[in-house]
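Coordinates in review
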Amino acid sequence: KLIQELSKQGSEVFGYDISDSMISEAKKRIGHKVTLEKIKSGVIPLPNDTLDAVVSNLVLMMCNSEDSIKKIYQEINRVLKPGGSWIYCVTHPAFTDKSFTTYRNIFKCNRDYFQTAQQYQFVLRKKDGTEITDESFLDYHYSLSTYLNLLLETGFNFRELCEVSVPENS
């Protein structure tokens, strides 16, 4: 929906993902109004200093190592124009072991907040309570300090942390 809204507002929009199914679903909703491409290598097919802004939603938790997160940060930094902005959203790492109205996570071992890349299964809940998942739907836990320190390490200037509250989950 974010891509649709940005496009409606007149922005030139590019959507990239490593998943065929995510690109396919986006094309069903959006059609060919924006550029949507699967990328294999994690390299965004744009020249350096091209974009004014990058938005990524719930992507970083899918990375199985700090190094893979760092590579994404470096690639985003490469395609952003000087002074450009990157806005990203992650599941708040302090709450990955809680159940919420729209999802829950299953850790195979006891969750340790400071254990890097601890794997867990993501289970999505529909409004009627039906759960959608399979064992390949995996995310990885990182502390908030991991995400923020990697920003600084890869040349970003950190401007703001915004934590949102979902009323049904309070």
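Here is a short report on the structure shown in this document.

Let's talk about unusual backbone geometry
Trans is the prevailing form of peptide bonds, just as negative phi is the prevailing case for residues other than glycine. Residues other than glycine seldom take positive phi values, yet D49 does so here, at roughly 55°. With phi around 65°, A117 is a residue other than glycine that occupies positive phi space. Tracing the chain through its elements places A117 in the loop between strand 5 (103-107) and strand 6 (118-125).

Some words on the packing of helix 3 (residues 66-79) against helix 4 (residues 144-153)
Closest axis-to-axis distance for the helix 3/helix 4 pair is 10 Å, and the angle between their directions is 45°. As far as their axial angle goes, helix 4 and helix 3 are oblique. Of the two elements, helix 3 crosses helix 4, and the hand of that crossing is right-handed. Between helix 3 and helix 4, the contacting residues are E66, I69, K70 and Y73 on the first element and T146, Y147, L150, L151 and E153 on the second. Here the contact of helix 3 with helix 4 is built from residues that sort into 5 nonpolar, 1 polar and 3 charged.

Section: the packing of aromatic side chains
Applying the stated criterion to the full structure yields 11 aromatic pairs. Pairing Y73 with F156 gives two aromatic rings, centres 6.4 Å apart and planes at 85°, and the pair type is edge-to-face. Highlighted residues: Y73 in helix 3 and F156 in the segment after helix 4, separated in sequence by 83 residues. Classification of F156 by relative accessible area gives buried; the value is 12%. Here the aromatic residues Y73, W86, Y88 and F156 are joined through ring pairs into a cluster of three or more.

Cut-offs used in this document
Residues numbered from 1 in each chain as written. Predicted model: local features only at pLDDT ≥ 70, side-chain atom pairs only at ≥ 80, totals over all residues. Heavy atoms only, no water. Helix = DSSP H or I, 4+ residues; strand = E, 2+ residues; numbered from the N terminus. Axes fitted to C-alpha atoms, helices over the stretch in contact; angles between N-to-C directions. Parallel < 35°, antiparallel > 145°, perpendicular 65-115°, else oblique. Left-handed = near helix turned anticlockwise from the far one by under 90°. Contact = heavy atoms within 4.5 Å. Nonpolar A, V, L, I, M, F, W, Y, C, P; charged D, E, K, R; others polar. Phe/Tyr/Trp six-rings, centres within 6.5 Å; stacked < 30°, edge-to-face > 60°. Buried < 20%, exposed > 50% of the residue type's maximum accessible area, 1.4 Å probe, protein only.

Note that every value here comes from positions in space, so none of it alone points to a role or purpose.
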